Amino acid sequence: MTESVKERIPIASDHAGFEMKEKIAKALSALGFDVQDLGTSSPASTDYPDFGHPLAEEVSTGEVKRGVLLCGTGLGMSYVANRHPHVRAAVAWTPEIAALARKHNDANVLVLPARFISDEDGLAILKAWLDTPFEGGRHQGRVEKIELDDEDGTK
Ligand code: RB5
């Protein structure tokens, strides 16, 4: 009998995303993923880069295929994650945007704006992002053009 290996998905938030992170992590486990919770571990005030960088590093190096971040607006976490090569972090506030972020942008990090969506929305957005494949085709070359070639950040 072959044993299927669960995909590991890291998840992280600051205090503003903490409560929703707990719910999204449970949902990911229930869906059969090996959830790696990178914190934060309480609603106490924190700095979102402290939690966003370690997760983005894992995606950037290819240790994991994808990850989930949460903060109040989604913006701070997306700025952090998108500093890392090969990370395409998308803030999504509807399932449609999450699906388009996969289809057109091959988003490998989902960022949820926890203060502006309901728990129900968060779960629907998560599922759309998990289930939607990248379309490739005309979008392939566009996604490849995102990466900067030089270490000094030029094309
Ligand atoms: C925390 O108050 C809030 O600034 C943070 O969660 C996030 O929205 C930053 O972009």
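Above this text sits the structure in question.
Here the structure is a predicted model, which means the values were calculated and not measured.

(A) Layout of the nonpolar core. One finds Ile-24, Leu-28, Val-68, Leu-112, Leu-126 and Trp-129 to be the most contacted residues of the largest nonpolar core, which totals 24 residues. Of all the secondary structure elements, the ones that give two or more residues to this core are β1 (8-13), α1 (18-30), β3 (67-71), α4 (95-103), β5 (109-113) and α5 (119-131). Core analysis: the second largest hydrophobic core is formed by 15 residues, Val-64, Cys-71, Val-87 and Val-91 among them.

(B) Broad picture of the site of the ligand. Taken together, Asp-14, His-15, Ala-16, Tyr-48, Cys-71, Gly-72, Thr-73, Gly-76 and Arg-115 form the complete shell of residues around the ligand. At 2.9 Å, a backbone N or O of Gly-76 approaches an oxygen atom of the ligand. Arg-115 places a side-chain nitrogen or oxygen 3.2 Å from an oxygen atom of the ligand. Relative to its unbound accessible surface of 290 Å², the ligand loses 72% to contact with the protein. Residue classes in the shell around the ligand are distributed as 3 nonpolar, 4 polar and 2 charged.

(C) Summary view of the packing of aromatic side chains. On inspection of all chains with the given rule, the structure shows 0 aromatic pairs. Positioned over the ring face of Trp-129 is Arg-66, at 5.8 Å from the centre of the ring.

(D) Structural context of the sheet that holds β5. The strand order β2-β1-β3-β5-β4 describes an open sheet built from 5 strands, whose pairing is parallel. For this open sheet the edge positions go to β2 (34-37) and β4 (89-91), each flanked by a neighbour on one side alone. Strand-to-strand, the axes of this sheet are offset by a mean angle of 20 degrees, without reference to chain direction. In terms of strand pairing, β3 meets β5 through 5 bridges, oriented parallel. Looking at β5, one finds that Cys-71 is bridged to Pro-113. Taken strand by strand, α1 contacts β1, β2, β3 and β5, and its axis lies near 170 degrees from that of β1. Packing of helix α2 (residues 49-61) onto the sheet brings it into contact with β1, β2, β3 and β5, and relative to β1 it is tilted by some 160 degrees.

Conventions and cut-offs
- For every chain, the first residue of the written sequence is number 1, and numbering continues from 1 along that sequence.
- Residue-level local features of this predicted model are given only where pLDDT is at least 70; pairs of side-chain atoms are given and counted only at 80 or more, and the full residue set underlies all totals for whole chains, interfaces and linings.
- Each side-chain value is derived from all of the structure's non-hydrogen atoms; neither hydrogens nor water enter the calculation.
- The definition of a nonpolar core used throughout is a set of buried Ala, Val, Leu, Ile, Met, Phe, Trp, Tyr and Cys residues joined through side-chain atoms within 4.5 Å.
- Partly exposed residues are those whose accessible area sits between 20% and 50% of the maximum for their type, while under 20% is buried and over 50% is exposed, using a 1.4 Å probe and protein chains only.
- Working definition: helices are DSSP H or I runs of at least four residues, strands are E runs of at least two. Numbering for both runs from the N terminus.
- For this description, a residue counts as near a given molecule or strand if any of its non-hydrogen atoms is within 4 Å of it.
- Think of a polar contact as two N or O atoms within 3.5 Å of one another; within protein, one of them needs to be a possible hydrogen donor and the other a possible acceptor, and neighboring residues in sequence only count if both atoms come from side chains.
- For the accessible areas, the method is Shrake-Rupley and the probe is 1.4 Å, while residue cover comes only from the protein chains on display.
- Three classes are used, and their members are as follows: Ala, Val, Leu, Ile, Met, Phe, Trp, Tyr, Cys and Pro are nonpolar, Asp, Glu, Lys and Arg are charged, and the others, Gly among them, are polar.
- Aromatic contacts are taken between Phe, Tyr and Trp rings whose centres are within 6.5 Å, Trp giving its six-membered ring; a plane angle under 30 degrees counts as stacked, one over 60 as edge-to-face, and the others as tilted.
- In this analysis the charged atom, NZ for Lys or CZ for Arg, is taken to sit over a ring once it is within 6 Å of the ring centre and within 35 degrees of the ring normal.
- Two strands pair if DSSP finds at least two bridges between them.
- Note on geometry: axes are C-alpha line fits, over the in-contact stretch for helices, and angles between N-to-C directions span 0 to 180 degrees.
- Contacts: residue pairs with any heavy atoms within 4.5 Å of one another.

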